[in-house]
Amino acid sequence: MTGFLKELHVGRAILVLGVAVGLMGCQGDTKGDVEEEEDLNDAFAELLLTEGKADGATCSGVRPPDNSGFDGRIALTFDDGPDLVRTPIVLAVLKAHNATGTFFVNGKRITTDAHRDLIRQMIVDGHIIGNHSQNHLNASNLSADTWRTEVQLTHDILAPLLAEAGLTPTFFRFPFGSTNCTTYAVVTDLDYHVTGWHIDTADWCFNSSTGGYGYCAESTFRYVPDEYRANFPGWVLSQARAQNGGILLMHDTKSYTPENLDAMLTELEEAGFTFTRLDDVDTFPLLNGVTPPRQTWVGDPCEDHSECDFLSGDVPGFCFTYQTSDTNELFGFCSLPCDGYCPDLDGTAPTFCAESPTPSEGICVSKAYPQNESCATIPGSQARDEDRFILESGATPSTALVCVPR
Ligand SMILES: [Zn+2]
């Protein structure tokens, strides 16, 4: 192994951690794979040099669109199969835990009727079969045409098998989590949902012949804290707790994984986690293409506090009520207390911390923006320049056109 992870500066290393994990996660576990392993490291080093393209803020093959609200639910996913020996062991363990999994398979590994029959049985048993491309190449440096072929070849293997059950291939995972915006678009244009992960089990590292079986060496993967280097279930649990659930990444081609899956799942269950499916729209709405209704937010009309049932951190919203000076009508809009700054919510007008008519109280108000039709959607309000309420925040003084009582 090379020490490439150590050569990264910290900010970069954290940014591409998911890529590193995914890349390493697809190494073989036999001596014959050492050469392949070195190739992967070279590919990864190159990937780092072009990191912005490989896994940018958009077009990411690692970061799932949903990143909270899992409520302890975990979707189990397995990459790089099928494997005629190891995948059935994984299936038996899942059955014992009454869990289903998603298996991101590589077309190059589906070579015989036995492989196809295995996939058929997995479908019948309720598991989800996802596309992991044909040859497990690094999509960050491939052309659109090459990548389309990689996706299509595996799609053409899976589609007829899934059609027997009335299903179509839906989920795609990039090998190594590695993308660029071109190859990402190829996948979404084929109507696949790109599926990253939240919890990396690092099963590939614990499986590693270089680190020693059941021991994840720092030279192989430095992000596992020392206390977990010989404690695979503990490491996974710590990662699951960090996000309170989410999508969990494993490999059903590693011998270590099926052998330790039962212990790992048991540890998660005993800690209160439950297992769900990748197509659970309540847990992963964005991944499944469902746009959840927008939550109530600053500037939404209200009559009492119960209608402003949102939180900013642990600060609850409230209904700011007012009487218009011209018609003496009573209105209200949702707000938050503030000192200098107010949070914004995607899809809504930006907010601004202004001084309420009650002296020395900052309240969040909406800026006059297209989203509120320049205050027209906030009854009894008008657009007016207001100074920022600063008090003790040290915020820079500024003025903004905001929606305030008429
Ligand atoms: Zn893979």
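Residues numbered from 1 in each chain as written. Predicted model: local features only at pLDDT ≥ 70, side-chain atom pairs only at ≥ 80, totals over all residues.

Scanning the protein chain from N- to C-terminus turns up 11 helices and 16 strands. Counting the 406 residues in the protein chain, one finds 43% classified as buried. Sequence-distant contacts, at least 24 apart, represent 68% of the contacts inside the protein chain between residues at least 6 apart. (Helix = DSSP H or I, 4+ residues; strand = E, 2+ residues; numbered from the N terminus. Buried ≥ 20, exposed ≤ 12 C-beta atoms within 10 Å, placed from the backbone. Contact = placed C-beta atoms within 7 Å.)

The next subject is the packing of helix 10 (residues 232-243) against helix 11 (residues 256-270). It is the contact of helix 10 with helix 11, at a shortest axis distance of 9 Å, that shows an interaxial angle of 40 degrees. Between helix 10 and helix 11, the angle is such that the two are oblique. Our pair here, helix 10 against helix 11, has a crossing hand that is right-handed. Across the interface between the two elements, F232, P233, V236, L237 and A240 of helix 10 pack against N260, A263, M264, E267 and L268 of helix 11. (Axes fitted to C-alpha atoms, helices over the stretch in contact; angles between N-to-C directions. Parallel < 35°, antiparallel > 145°, perpendicular 65-115°, else oblique. Left-handed = near helix turned anticlockwise from the far one by under 90°.)

With that settled, the discussion passes to unusual backbone geometry. Across the junction of G81 and P82, the peptide omega takes the value 0 degrees, indicating a cis bond. By the element assignment, P82 lies in the loop between strand 1 (73-79) and helix 5 (86-96). A positive phi is found at D80, a non-glycine position, where the angle reads about 80 degrees. Secondary-structure assignment places D80 in the loop between strand 1 and helix 5. Of note, the phi angle at N244 is positive, near 55 degrees, even though the residue is not glycine. Summarising the element assignment, N244 is placed in the loop between helix 10 and strand 7 (246-251).

With that settled, consider helix 6 (residues 113-124). Every α-helical turn comprises 3.6 residues, leaving residues that sit three or four positions apart pointing alike. Compared with the 16 Å implied by 1.5 Å per residue over 12 residues, the 16 Å span of helix 6 between its first and last C-alpha is a close match. Every buried residue of helix 6 is accounted for by L118, I119 and M122. In a view along the axis of helix 6, the buried residues occupy a sector of 95 degrees, so they form one face of it. Residues D113, D117 and V124 are exposed on helix 6 and point more than 90 degrees away from its buried face. Buried residues belonging to helix 6 abut helix 5, strand 2 (102-105), strand 3 (128-131) and helix 7 (144-163). Where helix 6 terminates, the next one or two residues include G126, which has phi positive at roughly 95 degrees. (Expected span 1.5 Å × (residues − 1). Arc of directions from axis to C-beta.)

Bear in mind that shape data such as this cannot, by itself, settle questions of function.
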